[in-house]
Amino acid sequence: CDPGKWSAREIKREMKRVFTISEKLIAGNLIQYHWQKTLGNYIAVTGSDHTVKIFDRHGHKRNDINLTGVCISMDWDKDGDALAVIADKSNTIYLWDANTHKTSQLDSGMRDQMSFLLWSKAGSQLAVGTTKGNLLVYNLQTSRKIPVLGKHTKRITCGCWSSQNLLALGSEDKAITVSNQEGDTIRQTTVRAEPSDIQFSVMKTDERASVGESTVSAIVGKKTLFLFNLSDPDNPIELAFQQHYGTIISYRWYGDGYIMIGFSLGYFIVISTHICEIGQELFQVHNHKDSLTSIAISQSLNKAASCGDNCIKIHDLSEMKEMYAIINLDDETKGLDQLSWTDDGQLLAVSTQRGTLHVFLTKLPVLGDACGTRIAFLTSLLEVTVANHVEGEPEITVSVEVEPNFIAVGPYHVAVGMNNRAWFYALGENRVAKLKDMEYLGTVTNMCLNSDYAAVLFEGRVQLHMIEIEGIEAQEEREARLFPGSDDKCRVTCHALTADFLIYGTDTGIIHYFFIEDWQYVNEYRHSVSIRKVFPDPTGTRMAFIDDKSDGFVYCPVNDSVYEIPNFPTTVRSILWEHFTMDKGVFIAYDDDKVYTYVFHKGTIQGSKVILAGGTKLPFSHKPLSLYNGELTCQMQSGKINTTLLTTHSFLSGLKDLGSNDLQSVLTQSLMLKRFTEAWDVCNMLNDPAAWTELARACLHHMEVDFAIRVYRMIGNVGMVISLEQIKGIEDHNLLAGHLAMFANEFNLAQDLYLSSSCPIAALEMRRDLQHWDSALQLAKRLAPEQIPFISKEYAIQLEFTGDYVNALAHYEKGMTGDNKYLDHDENCSAGIARMSIRMGDIRRGVNQAIRHNSRVLKKDCGALLESMKQFSEAAQLYEKGQYYEKAASVYIRCKNWAKVGELLPHVTSPKIHLQYAKAKEADGRYKEAATAYENAKDWDNVIRIHLDHLSNPEEAVRIIRETQSIDGAKMVARFFLHLGDYGSAIQFLVMSKCNDEAFRLAQQHNQMEIYADIIGSGASNEDYQSIALYFEGEKKHFLAGKFFMLCGQYTRALKHFLKCPVCEDGQAIEMAIEAVGQAKDEVLTNQLIDYLMGEGDGMPKDAKYLFRLYMALKHYREAARTAIIIAREEQCAGNYRNAHDVLFSMYTELKAQKIKIPSEMVTNLMILHSYILVKTHVKRGDHMKGARMLIRVANNISKFPSHIVPILTSTVIECHRAGLRNSAFSFAAMLMRPEYRNKIDAKYKKKIEAMVRRPDASEVEELITPCPYCAFQLPECELLCPGCKNNLPYCIVTGRHMVKDDWTVCPHCDFPGLYSEFKIILATEKTCPMCAEKLSAEQLSKIFEPAPYILHEDAD
């Protein structure tokens, strides 16, 4: 056997070539070969060299069968035990025994040449046909020969056995016969041409099923496919195909009545034999360019193959359109010949036109094992690969001597074996060393390795032995041991080996733990049924096992506890534990189609349990070997490994592109797996409070207190953070779990945990805090009997609230302690007893309890209860005892107990009670008491009624009405005065009671309209005013008519009546006319009034002050200012200087308020008049200098005082003389000597003045110099025009001097400036402002340090 040069290359799947038998070993171009049936361990090959060569499945030649001629035909029996061969020119049948490798010869007894040979599919019969159409049926078991002569008339060329042991034969005589195993013909049919490739199968019918293989098919003349139904022999079917397909090369039945057909020109089609589909091609492909030579189907692989040209194409039968693999044989230039698969589908053989045979590996036995993250798996029939991709170790290839049926791997070794033999290899870094091989006492079922030992299961026993003997130091008794011992009557069904323990399960349901270091049993668990498989985790502290009922469990040998695996499928084949440290507790169970992920949650608040986390679809023909960090490493049929990420660990592949729904699912997955760090990242991405809460609750469930604190701190739950910080140091597991269960609102669980902890009283405290009083009382009886009274009281309060008064009373009574230390508690219970007694109808007991009790509130509550029960007497008694006098009085009223009500009235403020009492007293005729009670009740109408109707005291009634403004009372008094004939008073009270129409009619009837008009005032309606105006108009009372027309807004008629009034001295009518025009803002009325005032109608001009007031009323301020100047001038000429001053001042302030420029004439006149008025003040105070200076200013403007020229000049001379201003006195004295003034000088001063003129004195006191407030130019203090800046300077209203910046103040009323120091001096004697005459004190003045706004304002003016 020459391995040859391998030129095949993979398109989709790699098909490994196992061996090649070259043409040098087999003579002839075309060769025949047949695989051993069932086992496929041997292949028989022959050419033209009179020899049949037997090779094993690895290409090693095992035997030769020498023939007398060229091999005509050969076939293996159904079990593969015997190979039958017939040769040319020989009557001998050669039989080769696969077990003994020996050849025997059988004489056929047939005279003619044998042409055909075939073993039965169901029995031990061998059919042999001859060239003349005769048949021999030979039974290998019985050695019986049945010759059948004349089965056909010509050479038998083909045939087939059915599963019912029927034999169909085809011959060159164009006939097909069907015979039984005895050779008797039961059916026969003829065809149009020579038949070939006869096959039995089941043809589809309308019912989709037939009994047995009832259809015979054959190729007829290489052109058509003939279908002969044994059940319907008269209606055979013959199918023809398109001519461009070429001739039919071969066909195969498969599946549910489908036929695959290969044609010579490379076409490859699939048809169905169902009656409604016959004639239709379900699939067609031109698989080979030039020619197709053979097709083959492997039912075990579910694959179909065709060969042609120099390639093999493999299709998946379930998806024919997809090409599974292509094998190119580039060296085979002459083309390929025949294809054949072993029955198990592992090997595919193809012969070539040049006489070569290639064998490819299409399916490997899926053998593999894992130890931690190291895996060993079969990569070829004689090759094992060891890999550890997690640790990044390079792959190690181990070439083995035999094709193994089991593999085991440990930390440092790998073992392979078959039957009862095993070979051990030591694993180095880059090499493999064979250690030894061992034989065991039976066929090995399973083997496990650890670093030192191998544990081998065979025939219900386990042998534990060392892999490498460590020389003399090894203890002999530790070298090997057989389990179970000879005394145990049980069989070992499964076993496993960890670093420290040998674990095995038996058919009696016992799981044993054998501690290797101490070489003794350390643990035993008894299960109810037989143990099928055991799967310890990497540490051996947890173990999953499957029992004979296909139920799964997790067993913890540390505490001997077992947990059932939920939703455990009965089809599970094996279990793998996770080796990633963060996923400790995760394991998977898998069957042929699916992987189920489970998590063993240890130490949750609910205890330990197993949960199903999810499922993952297992790819076809994948066998899981190892699990690490959610990645499942699987072995495939092709001998390769593949990794699949479990769907429960999908978050490990990244979170970036996931939506919120997917993230929520990932959060659930990570929490199931206790991956809290990943869950934190998911919550960060979701940014949803609900997600954070879910994470926090999961942390509580798994007792991850520190992580829970971190989460609650993240979401700002301060209360939970503080609570968890307080408990995180608790070492008692049950107590800590109880607290966490309580935080998770699992109160019953928390109670159970508390009770099993070192602090059972915590359960009672929790129930009290939750107000679960029934549970609290039950716990208190066991844990703290002294707490029962206090719990009973709290429970009673709740029962009272819910209306369960019977039980509330009982618990209040239980709550009484009788201990002086708990007086408040006992008083509360006593109060509850009182309330419950009343509610239960025991009124006497309840009332007595309440009266004895110190609490006012209790008396009020019990009183309210009694009142609702219509027990008024007792209720009132309790209200009175509790000093709730108003409630007591109210209840006494309902009892008609007026005497008690009278006693309580001094303590009562409620108007309602007083009113009820007043009505009762009025009914009894006790009117004074009734009036007093009505007054206390603030019922003024009834007080007035009593005083008028019963007590004849109208004065008191009138007083009350004036105080209370009672409308109804006023009506009563009005009626009272009307009866007495006092119409004025009646009108007054009718108006007060809003009965204006009635009052008007009364006033009209009794000529009392003026009284009505005075009473109605300004609060009436326009209609009322119009009625009054019309009445006075009719009475010719023009003033009153105009007044009320004005009040109702009829200004035209009002003005008409005002102008008809005679001109009185007080000018009241004109004043009213001005007011009316001012309100009307009507130009016609304004002009009409101006004409009247100017005397246009009667030739008598009215006083100018009226025109001034009109302009002011109309807000015509400029006209008002001109008028004011005229009035002031007239007053000044008349000598009424104060009036002139007031007119100018008021106009000045008005214009200033309206921000209208003030005329300079008005400013100057006001300044001169004010200077004249100041003279009197200064002279009165004895300040002659200031008086003289002001008089000099006035005298210089003497023409503005025509009525008092001489007196003013005389006063000026005298004051100047007194002040030492002799020169000024001489000047004004000389003026008085003018003829027009001389005779008018007062005689008292005439001689003195004449003497001054005769003897002049030029001496003069110098006037003080002060700075200008604008430009700081020094000028005389009484000078008001600055020579420096030419500004008119503001003057002081106290002294008349110009203002200076550093001594500035203003009057808070009129805002006129004054010198601060001088203002304070004058206010010491005067109490008013010199300018506005408003009351003023020195305290109201404030010095202004920044007078710039006032200076600018004066400048703007």
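On a predicted model such as this, the values are computed, not experimentally measured, just so you know.

Cut-off values and rules
- Residues numbered from 1 in each chain as written.
- Predicted model: local features only at pLDDT ≥ 70, side-chain atom pairs only at ≥ 80, totals over all residues.
- Heavy atoms only, no water.
- Helix = DSSP H or I, 4+ residues; strand = E, 2+ residues; numbered from the N terminus.
- Buried < 20%, exposed > 50% of the residue type's maximum accessible area, 1.4 Å probe, protein only.
- Contact = heavy atoms within 4.5 Å.
- Pairing = 2+ DSSP bridges.
- Expected span 1.5 Å × (residues − 1).
- pLDDT = per-residue confidence, 0-100.
- Phe/Tyr/Trp six-rings, centres within 6.5 Å; stacked < 30°, edge-to-face > 60°.
- Lys NZ or Arg CZ within 6 Å of the ring centre and 35° of its normal.
- Core = buried A, V, L, I, M, F, W, Y, C linked by side-chain atoms within 4.5 Å.
- Salt bridge = Lys/Arg side-chain N within 4 Å of Asp/Glu carboxyl O.
- 1 Å grid on protein atoms, 1.4 Å probe; cavity = no way out; pocket = protein on both sides within 12 Å on 5 of 7 lines; lining within 4 Å.
- Points joined across faces, edges and corners; volume = space filled by probe spheres on them.
- Nonpolar A, V, L, I, M, F, W, Y, C, P; charged D, E, K, R; others polar.
- Axes fitted to C-alpha atoms, helices over the stretch in contact; angles between N-to-C directions.
- Parallel < 35°, antiparallel > 145°, perpendicular 65-115°, else oblique.
- Left-handed = near helix turned anticlockwise from the far one by under 90°.

(A) Just the overall build of the protein, in detail. Helix and strand counts for the protein come out as 41 helices and 63 strands. Expressed as a percentage of the 1357 residues in the protein, the buried residues total 51%. Within the protein, contacts between residues separated by at least 24 positions form 42% of all contacts whose residues are at least 6 apart in sequence.

(B) Inspection of the pairing of strand 27 (residues 303–308) at higher detail. Counting buried positions along strand 27 yields six of six residues, so the element is predominantly enclosed. Neither face of strand 27 is open: one carries K303, A305 and C307, the other A304, S306 and G308, and all of them are buried. Relative to strand 27, strand 26 (residues 294–298) runs antiparallel, the two being bridged by five bridges. Looking at strand 27, one finds that I295 is bridged to S306. Hairpin remark: strand 26 followed by strand 27, antiparallel, with four residues in the connecting loop; positive phi at N302, about 60°. Strand direction decides the pairing type here: strand 27 and strand 28 (residues 311–316), joined by six bridges, are antiparallel. Each residue of the ladder has a partner; that of K303, found in strand 28, is D316. In this structure, the hairpin formed by strand 27 and strand 28 is closed by a connection of two residues, where D309 is found at a positive phi of approximately 55°.

(C) Broad picture of helix 33 (residues 1137–1153). In this model, helix 33 (17 residues) spans 24 Å end to end at C-alpha, consistent with the 24 Å of a helix rising 1.5 Å per residue. For helix 33, every residue scored as buried is listed here: Y1137, A1140, H1141, V1143, L1144, F1145, M1147, Y1148, L1151 and K1152. Residue K1155 follows helix 33 closely and has a positive phi angle near 55°.

(D) Spatial organisation of the confidence of the model for the protein. The pLDDT averaged across the protein works out to 82; a share of 78% of its residues lies at or above 70. In the model, residues 1–12 has pLDDT below 50 throughout and makes 30 contacts with residues more than four positions away in sequence or in other chains.

(E) Up close: the side chain of Q463. By secondary structure assignment, the location of Q463 is in strand 43 (residues 461–466). Residue class for Q463 comes out buried when judged on its relative accessible area of 14%. Those residues in contact with Q463, other than ones at most four positions away along the chain, are M438, Y440, A454, A455, V456, F458, A480, R481 and L482.

(F) The arrangement of the packing of aromatic side chains in detail. One pass over the structure, following the stated rule, counts 33 aromatic pairs. When the ring of Y453 is compared with that of W519, the centres are 5.8 Å apart and the planes differ by 40°; the resulting orientation is tilted. In this pair, Y453 sits in strand 42 (residues 453–458) while W519 sits in the loop between strand 47 (510–515) and strand 48 (520–526), placing the two residues 66 residues apart along the sequence. Residue Y453 is classed as buried on the basis of its relative accessible area of 7%. On the basis of relative accessibility, which here comes to 13%, the residue W519 falls in the buried class. Relative to F600, the ring of Y563 has its centre 5.3 Å away and its plane inclined at 45°; by these criteria the two rings are tilted. With Y563 in strand 52 (residues 561–564) and F600 in strand 55 (residues 594–604), the pair connects residues that are 37 residues apart, well separated along the chain. Taking relative accessible area as the criterion, Y563 reaches 17% and is therefore assigned buried. Three or more aromatic residues link up through ring pairs in this structure, and these residues are F501, Y513, F515, Y525, F545, F553 and Y555. A cation over an aromatic ring shows up here: K436 above the ring of F424, its NZ or CZ 5.9 Å from the ring centre. Positioned above the aromatic ring of W680, the side-chain terminus of R710 is 3.8 Å from the ring centre.

(G) Focus on the nonpolar core. By size, the foremost hydrophobic cluster in this structure holds 65 residues, and its most contacted members are L667, L695, L700, Y712, L724 and L740. When residues of this core are assigned to their parent elements, the largest contribution, seven residues, is made by helix 3 (residues 689–701). A1195, I1208, I1249 and M1331 belong to the second-largest nonpolar core, a separate cluster that totals 61 residues.

(H) Highlighting the pattern of salt bridges. For the structure shown, the criterion picks out 38 salt bridges. Between E403 and R57 there is a salt bridge whose closest N-O contact spans 2.6 Å. Pair noted here: E403 is in the loop between strand 36 (393–399) and strand 37 (406–409) and R57 is in the loop between strand 4 (51–56) and strand 5 (61–66), with a separation of 346 residues, a long-range link. Each member of the pair, E403 together with R57, is buried. Within the structure, one salt-bridge network assembled from shared partners comprises D1183, K1186, E1277, R1297 and E1318.

(I) Quick look at empty space enclosed by the protein. As enumerated under the stated definition, the model contains one cavity of 30 Å³ or more in all. Considering only enclosed or pocket space, the largest cavity measures out at about 40 Å³ in volume. Its residues placed into classes, the lining of the largest cavity shows three nonpolar, one polar and four charged.

(J) Inspection of the packing of helix 37 (residues 1222–1232) against helix 39 (residues 1243–1254) at higher detail. One can describe the packing of helix 37 onto helix 39 by two numbers: an axis separation of 9 Å at closest approach and a directional angle of 115°. Relative to helix 39, the element helix 37 lies roughly perpendicular. For the pair helix 37 and helix 39, the crossing hand works out as left-handed. Together, A1225, F1226, A1229, A1230 and L1232 of helix 37 and I1249, M1252 and V1253 of helix 39 make up the contact between the two elements. For the contact of helix 37 with helix 39, the class distribution of residues is eight nonpolar, no polar and no charged.

(K) Local environment of the packing of helix 11 (residues 805–815) against helix 12 (residues 823–839). Where helix 11 contacts helix 12, the two axes come as close as 9 Å, and the packing angle between them is 150°. Judged by the angle between their axes, helix 11 and helix 12 are roughly antiparallel. Between helix 11 and helix 12 lies a crossing of left-handed hand. Between helix 11, through Y805, A808, L809, Y812, E813 and G815, and helix 12, the contact on the second element is made entirely by H825, D826, N828, C829, G832, I833, R835, M836, S837 and R839.

(L) Examining the sheet that holds strand 10 (residues 114–119) more closely. Sheet architecture is open: four strands sit in the order 10-11-12-13, paired in antiparallel fashion. Where the open sheet ends on each side, the last strands, each with one partner, are strand 10 and strand 13 (144–148). Averaged over all pairs of adjacent strands, the angle between their axes in this sheet comes to 15°, without regard to strand direction. Note that strand 11 (residues 125–130) and strand 12 (residues 135–139) share five bridges and pair antiparallel. Paired with L126 across the two strands is Y138, which belongs to strand 12.

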